[in-house]
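# An overview of the molecular structure
In case you want the letters, here they are:
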Amino acid sequence: MVRIGLVIVIGAIIGSMVLANYMYMQYQTNFIEVSEGETVLVGPVEYIVTFEGTHDGDKETEPENTFVKIGIIAKNISDENTVVSGGQFFLIDEKDQKHKAVFGEFSSKDLWLVGLEPNKPIEVTTQFDIPFDEDENYKIVIRPQKDQATVDTASICLTNC
């Protein structure tokens with residue numbers, strides 16, 4: 001009788017460890033690494049990110065350092081509408097510091113919050129205020145929107161790959 005109880009306890013421990021490992025793997029972030037100009041899929045949206053250069057802002061919004069501008073082509077490949085926002089994009093510098101997108105009205109293509117209909121790509125831009133050095137390596141990270149139900153996160157090598 002004691003042996004059966006011991007087998008049941010050991011089986012329950014092993015079963016709970018297997019279940020915990022399975023659940024951990026289901027919600028672990030899946031980093032997808034690509035280079036600038038390559039297509040990457042994050043949730044239901046295909047992205048192509050390109051380095052557009054640097055600029056000094058406009059009369060209303062000037063950078064503390066330099067604005068690094070990226071071009072974004074986004075295409076919803078699902079059957080339902082979704083959104084893309086500038087808050088999904090981060091620039092990571094060589095020191096692994098994360099920089100948020102800076103919003104302004106630098107052009108008619110600036111990304112704020114855009115609804116994406118199925119199979120209708122959009123072209124937008126956004127920028128980051130950083131102390132830019134053309135010899136350093138920079139990455140763009142794209143995180144999914146909360147409603148996109150994915151663990152995928154893109155890491156795009158932007159410069160000096």
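Rules of the game
- Residues numbered from 1 in each chain as written.
- Predicted model: local features only at pLDDT ≥ 70, side-chain atom pairs only at ≥ 80, totals over all residues.
- Heavy atoms only, no water.
- Core = buried A, V, L, I, M, F, W, Y, C linked by side-chain atoms within 4.5 Å.
- Buried < 20%, exposed > 50% of the residue type's maximum accessible area, 1.4 Å probe, protein only.
- Contact = heavy atoms within 4.5 Å.
- Phe/Tyr/Trp six-rings, centres within 6.5 Å; stacked < 30°, edge-to-face > 60°.
- Helix = DSSP H or I, 4+ residues; strand = E, 2+ residues; numbered from the N terminus.
- Lys NZ or Arg CZ within 6 Å of the ring centre and 35° of its normal.
- 1 Å grid on protein atoms, 1.4 Å probe; cavity = no way out; pocket = protein on both sides within 12 Å on 5 of 7 lines; lining within 4 Å.
- Points joined across faces, edges and corners; volume = space filled by probe spheres on them.
- Nonpolar A, V, L, I, M, F, W, Y, C, P; charged D, E, K, R; others polar.
- Salt bridge = Lys/Arg side-chain N within 4 Å of Asp/Glu carboxyl O.

## Quick notes on the nonpolar core
Counting 26 residues, the largest nonpolar core has Tyr47, Val49, Phe89, Ile140 and Ile142 as its most contacted members. Look past the residues within four positions of Ile140 in its chain and what remains in contact with it is Val49, Ile70, Phe89, Phe90, Leu91, Phe128, Ala154, Ser155, Ile156 and Leu158.

## What to know about the packing of aromatic side chains
Under the criterion given, the structure shown has four aromatic pairs. Each ring, one from Phe51 and one from Phe132, has its centre 6.0 Å from the other, and the planes form 20°; the classification is stacked. With Phe51 in strand 3 (residues 45-55) and Phe132 in the loop between strand 9 (122-130) and strand 10 (138-142), this pair connects stretches of sequence that are 81 residues apart. A relative accessible area of 26% places Phe132 in the partly exposed class. Within the aromatic cluster, the residues linked to one another by ring pairs are Phe51, Phe132 and Tyr138. Stacked on the ring of Phe90, the Lys or Arg Lys98 has its end atom at 4.6 Å from the ring centre.

## Let's talk about the layout of surface pockets
Approximately 170 Å³ is the volume found for the largest pocket. Residue lining of the largest pocket: Phe31, Glu33, Phe90, Ile92, Lys98, Lys139, Val141, Arg143 and Ser155, and that is the complete set. Sorting the residues of the lining of the largest pocket by element identifies strand 1 (30-35), strand 6 (89-92) and strand 10 as the ones contributing at least two each. Tallied by class, residues from the lining of the largest pocket come to four nonpolar, one polar and four charged.

## A look at the pattern of salt bridges
Applying the stated criterion across every chain, the model contains two salt bridges. Put simply, Lys109 and Glu123 hold a salt bridge, and the shortest N to O gap is 3.8 Å. With Lys109 in the loop between strand 7 (98-102) and strand 8 (113-116) and Glu123 in strand 9, this pair connects stretches of sequence that are 14 residues apart. Lys120 serves as the salt-bridge partner of Glu117, at 3.1 Å between the closest nitrogen and oxygen. Overall, the relative accessible area of 42% leaves Glu117 in the partly exposed class.

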